[in-house]
Amino acid sequence: MYNNFKNYLTDEIKSIKDAGLYKNERIITTPQSATIKVQGDVEVLNFCANNYLGLADSKVLIDAAKKALDEKGYGMSSVRFICGTQDLHKELEKRISDFFGTEDAILYAACFDANGGVFEPLLNEQDAIISDALNHASIIDGVRLCKAQRFRYANADMEDLEKQLIAAKDCRFRLICTDGVFSMDGNVAPVDKIYALAKKYDAMVMVDESHSAGVVGKTGRGTTELYNLKGEVEILTGTLGKAFGGAVGGFTTGKKEIIDMLRQRSRPYLFSNSIPPMIAAAGIAMFDLIDKTNELQDKLHSNTEYFVAKMKAAGFDIKPTESAICAVMLYDAKLSQDFAARLQEEGIYVTGFYYPVVPKGQARIRVQVSAAHEINHLDKCIAAFTKVGKELGILK
Ligand SMILES: *Cc1c(COP(=O)(O)O)cnc(C)c1O
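So, here is what we can say about the structure in this document. What you see is a predicted model; the values in this text were computed from it and never measured. (Residues numbered from 1 in each chain as written. Predicted model: local features only at pLDDT ≥ 70, side-chain atom pairs only at ≥ 80, totals over all residues. Heavy atoms only, no water.)

So, on to the nonpolar core. Within the largest apolar cluster, 86 residues are counted, with the highest numbers of intra-cluster contacts made by Phe244 and Phe385. The element that contributes the greatest number of residues to this core is helix 12 (residues 277-292), accounting for eight residues. Of all hydrophobic cores here, the second largest spans 20 residues; its members include Tyr108, Val118, Leu175 and Leu270. (Core = buried A, V, L, I, M, F, W, Y, C linked by side-chain atoms within 4.5 Å. Buried < 20%, exposed > 50% of the residue type's maximum accessible area, 1.4 Å probe, protein only. Helix = DSSP H or I, 4+ residues; strand = E, 2+ residues; numbered from the N terminus.)

Turning next to the state of the cysteines. Here a disulfide denotes a covalent bond joining the sulfur atom of one cysteine to the sulfur atom of another. Going through the model one piece at a time under the given rule, you end up with zero disulfides. Between Cys146, a free cysteine, and Cys177, which holds the nearest cysteine sulfur, the sulfur-to-sulfur gap is 9.8 Å. Owing to a relative accessible area of 3%, Cys146 belongs among the buried residues under this scheme. (Disulfide = S-S within 2.5 Å.)

Let us now look at the sheet that holds strand 12 (residues 351-353). Spatial strand order, 10-13-12: three strands in an open sheet with antiparallel pairing. Edge strands, defined here as strands with exactly one partner in the open sheet, are strand 10 (325-331) and strand 12. Ignoring strand direction, the axes of neighbouring strands in this sheet form an average angle of 30°. Against the sheet, helix 14 (residues 333-345) engages strand 10, strand 12 and strand 13 (363-368), with an angle of about 35° to strand 13. (Pairing = 2+ DSSP bridges. Axes fitted to C-alpha atoms, helices over the stretch in contact; angles between N-to-C directions. Contact = heavy atoms within 4.5 Å.)

Let's shift gears to the site of the ligand. Taken together, the neighbourhood of the ligand is formed by 13 residues, with Cys111, Phe112, Asp208, Thr239 and Lys242 sitting nearest. Residue Asp208 places a side-chain N or O atom 2.6 Å away from a nitrogen atom belonging to the ligand. Between Thr239 and the ligand, the recorded distance is 2.7 Å, taken from a side-chain N or O atom to an oxygen atom. About the coverage of the ligand: the protein hides 83% of its 390 Å² of free accessible area. Looking at the shell around the ligand element by element, the count peaks at three residues for helix 5 (residues 111-116). Per-class residue counts for the shell around the ligand are three nonpolar, seven polar and three charged. (Near = heavy atom within 4 Å. Polar contact = N/O pair within 3.5 Å; in protein donor to acceptor, adjacent residues only side chain to side chain. Areas by Shrake-Rupley, 256 points an atom, 1.4 Å probe, with all protein chains shown as cover. Nonpolar A, V, L, I, M, F, W, Y, C, P; charged D, E, K, R; others polar.)

This next bit is on the packing of helix 4 (residues 87-100) against helix 12. It is at 9 Å that the axes of helix 4 and helix 12 come closest, and there the two elements cross at 30°. The angle between the axes of helix 4 and helix 12 places the two elements in the roughly parallel class. The chirality of how helix 4 crosses helix 12 is left-handed. Across the interface between the two elements, Leu88, His89, Glu91, Leu92, Arg95, Ile96 and Phe99 of helix 4 pack against Pro277, Ala280, Ala281, Gly283, Ile284, Phe287, Asp288, Ile290 and Asp291 of helix 12. Looking at the contact of helix 4 with helix 12 residue by residue, the class counts come to ten nonpolar, two polar and four charged. (Parallel < 35°, antiparallel > 145°, perpendicular 65-115°, else oblique. Left-handed = near helix turned anticlockwise from the far one by under 90°.)

With that settled, the discussion passes to the side chain of Arg342. Inspection of the secondary structure puts Arg342 in helix 14. A polar contact of 3.0 Å, which involves the side chain of Arg342, links it to the side chain of Glu346. If we skip the residues at most four places from it in the chain, Arg342 touches Lys387, Val388 and Glu391.

Of note, Gly283 is situated in helix 12. Of the residues examined, Gly283 reaches a relative accessible area of 4% and is grouped as buried. Taking the C-alpha atoms as reference points, Gly283 and Tyr355, separated by 72 residues in sequence, lie 36 Å from one another.

Now for the packing of aromatic side chains. Evaluated as defined, the whole model comprises 14 aromatic pairs. Aromatic pair Tyr108 and Tyr269: ring centres 6.3 Å apart, planes at 65°, arrangement edge-to-face. Taken together, the residues span a long stretch of sequence, with Tyr108 in strand 3 (residues 104-108) and Tyr269 in helix 11 (residues 267-270) at a distance of 161 residues. Since its relative accessible area comes to 7%, Tyr269 is described here as buried. (Phe/Tyr/Trp six-rings, centres within 6.5 Å; stacked < 30°, edge-to-face > 60°.)

Turning to the pairing of strand 8 (residues 235-239), a few remarks are in order. On a regular strand, one side chain projects to one face of the sheet and the next to the other, so that they alternate. The element strand 8 is extensively covered by neighbouring structure, given that five of its five residues are classed as buried. Residues Ile235, Thr237 and Thr239 point to one face of strand 8 and Leu236 and Gly238 to the other, with burial holding for every one of them. Here strand 7 (residues 204-208) runs beside strand 8; their pairing, made up of three bridges, is parallel. Paired with Asp208 across the two strands is Thr237, which belongs to strand 8.

On to the environment of Ser336, then. Among the structural elements, Ser336 can be located in helix 14. Taking C-alpha positions, Ser336 is 24 Å from Ala133, a pair spaced 203 residues apart along the chain. Excluding anything up to four places from it in sequence, Ser336 contacts Leu330, Gly352, Phe353, Tyr354, Ala363, Arg364 and Ile365. Here the side chain of Ser336 touches Ala333 through a polar contact of 2.6 Å, landing on its backbone oxygen.

The structure is reproduced here in structure tokens:
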């Protein structure tokens with residue numbers, strides 16, 4: 001049996017390789033930071049981490065994690081409702097809902113699990129889920145696990161959303177769901193308009209704040225801060241694995257009856273282990289830090305503005321962005337790979353994306369700005385882009 005299966009896999013993998021889509025892991029030998037070392041002891045500036053607030057190697061978070069390791073142990077060996085809830089887990093949930101101005105929150109091992117476990121307990125075949133076409137894979141999978149009827153609208157297209165709301169008008173409940181920031185373009189979902197349409201057509205809203213939490217809004221409280229909708233959107237999901245320290249962990253936060261129901265029926269919560277105490281403690285320390293001062297959020301915002309302005313001035317074609325994601329458009333797949341490879345030789349670590357990760361003919365290099373970057377880092381990145389851009393005939 002296995003021989004046949006092995007041949008089948010070998011052929012499949014070969015076709016992935018032949019299509020140029022085979023993924024290799026690139027190995028880093030240092031902590032995650034603005035400056036990292038990659039294999040061969042080569043130092044590069046990192047512009048492709050989701051380390052938006054630069055907290056991935058924060059001494060404050062590391063110390064909080066070490067303290068919890070000593071005082072609260074290594075692991076929980078249980079799911080939350082059996083014996084996997086420490087005071088730390090409850091406190092972190094409270095800090096999450098305080099931060100977003102919501103009523104309650106529930107932790108998961110990852111946002112992938114939060115999204116996987118949010119739809120099925122709440123909605124059934126009488127209901128409708130209306131989903132942005134560019135939503136994250138974990139939302140798509142979560143929707144698949146739920147019996148609700150599915151409607152899809154083109155990315156951030158409010159006319160199309162309205163059409164879908166009309167098509168779903170006979171359903172019992174309607175839930176619109178969207179990423180807060182779309183990770184390939186860096187555009188922010190028009191949550192203000194989505195919310196207005198939800199009111200008009202009697203629907204609820206869910207926003208996945210994974211790329212927007214800590215980033216969007218004056219104090220980084222996400223799309224509901226940006227659009228003045230704090231506490232209004234029924235469901236928010238998010239991750240502790242990006243701006244919020246970058247380790248692991250996810251959450252759903254929002255209306256208290258919704259969170260209560262998730263605690264009763266959400267399968268990744270009921271049947272998967274609690275996050276370790278050190279992760280919960282570092283999460284709490286992270287909120288202490290970003291609640292106390294807006295320094296990191298301010299630095300991220302000014303870094304992003306600086307970078308985007310200088311890149312545009314240099315002549316690059318940049319997708320309109322309101323996040324810390326800056327898509328440098330190159331359109332051609334091979335060019336995006338050659339460009340990224342040349343940048344790495346210049347000491348700039350970035351990733352080129354092409355079909356099927358982005359639409360055909362929309363290849364790009366995605367730059368992610370961080371509060372960990374200093375102006376000289378940004379200048380070095382812009383200079384390298386400019387040099388390689390001229391070399392490869394993108395810039396005159
Ligand atoms: C990264 C991301 C996730 C997954 O988060 P994890 O905590 O790493 O599982 C989910 N949704 C969106 C929109 C993301 O960008």
